[in-house]
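Structural overview
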Amino acid sequence: ALLAHLKEARDLLRWNPASGRPARFLSARSGQARSMAARAVALAAAHGVPELRELVVKPYVLLYAHSADRVVLLALKHERQLVFQMP
């Protein structure tokens, strides 16, 4: 079921990369959230895609970065998890 949802998400993002919501943790104030945001921004920059967004694919949330012609999946978490696990 997850693979089917990911295929749907891929098709949606292929058509409209900005369809997800802005990544919510980027505005968080805790030290943990700022650290995670810095890692996510660095990972997105390493792939050359500046915009960080989240797409809800029940019961998961996809963290992805995009440019006008490219989308990179950065992390996946269950909706009950508090934070994304960043490499």
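Presented here is a report on the structure given in the accompanying data block. (Residues numbered from 1 in each chain as written. Predicted model: local features only at pLDDT ≥ 70, side-chain atom pairs only at ≥ 80, totals over all residues. Heavy atoms only, no water.)

**Brief notes about unusual backbone geometry**
With an omega of 0°, the peptide bond running from Lys58 to Pro59 counts as cis. Examined against the element boundaries, Pro59 turns out to sit in the loop between β2 (51-57) and β3 (60-66). (Helix = DSSP H or I, 4+ residues; strand = E, 2+ residues; numbered from the N terminus.)

**Let's talk about the sheet that holds β2**
Two orientations exist for strands paired in a sheet by backbone hydrogen bonds: parallel and antiparallel. Pairing is antiparallel across the open sheet formed by 4 strands, whose spatial order is β1-β2-β3-β4. Every other strand in the sheet has two partners, leaving β1 (21-22) and β4 (71-78) as the edge strands with one partner each. Along the sheet face, helix α1 (residues 2-15) touches β2, β3 and β4 and points at about 135° away from the line of β2. (Pairing = 2+ DSSP bridges. Contact = heavy atoms within 4.5 Å. Axes fitted to C-alpha atoms, helices over the stretch in contact; angles between N-to-C directions.)

**Quick look at the environment of Glu54**
Its location among the elements puts Glu54 in strand β2. The exposure class assigned to Glu54 is buried, which follows from its relative accessible area of 5%. Residues Glu54 and Pro22 lie 32 residues apart in sequence; the distance between their C-alpha atoms is 6.1 Å. When near neighbours in sequence (up to four residues on either side) are disregarded, Glu54 contacts Gly20, Arg21, Pro22, Ala23, Arg24, Phe25, Val61, Leu62, Leu63, Tyr64 and Phe84. A polar atom in the side chain of Glu54 sits 3.4 Å from the backbone nitrogen of Arg24. (Buried < 20%, exposed > 50% of the residue type's maximum accessible area, 1.4 Å probe, protein only. Polar contact = N/O pair within 3.5 Å; in protein donor to acceptor, adjacent residues only side chain to side chain.)

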